Amino acid sequence: MNPNKLLELGFIDTSYSEDEIEFTEYTLTTENFKIEISGLNNVEIKFTSLGWIDVPNCKSVEDLKELIRLFN
């Protein structure tokens, strides 16, 4: 997904490096849920009562916008 579009949606770049390996990660935190995007298209959503859930069909920014709309 396009990093600039993710930042426009309110995501924060939470990328990090570990043992000289770069990990790309973007995170959006709201009062109801948390969305984390790892790598290019690995999207997970976290609810307090359920924990992390993989969102396999969320592959574009438009899909992501719909996911956010659905749970807001």
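Residues numbered from 1 in each chain as written. Predicted model: local features only at pLDDT ≥ 70, side-chain atom pairs only at ≥ 80, totals over all residues. Heavy atoms only, no water.

(A) The pairing of strand β6 (residues 42-47), seen in detail. Residue alternation in β6 divides its side chains into a buried set, V43, I45 and F47, and an unburied set, N42, E44 and K46. Strand direction decides the pairing type here: strand β5 (residues 34-38) and β6, joined by five bridges, are antiparallel. Along β6, the bridge assignment pairs I35 with I45. Between β5 and β6, which pair antiparallel one after the other, the connecting turn spans three residues, and G39 there sits at a positive phi close to 65 degrees. Note that β6 and strand β7 (residues 51-54) share four bridges and pair antiparallel. The residue bridging E44 from the neighbouring strand is D54, located in β7. Linking two consecutive strands that pair antiparallel, namely β6 and β7, is a turn of three residues. (Buried < 20%, exposed > 50% of the residue type's maximum accessible area, 1.4 Å probe, protein only. Helix = DSSP H or I, 4+ residues; strand = E, 2+ residues; numbered from the N terminus. Pairing = 2+ DSSP bridges.)

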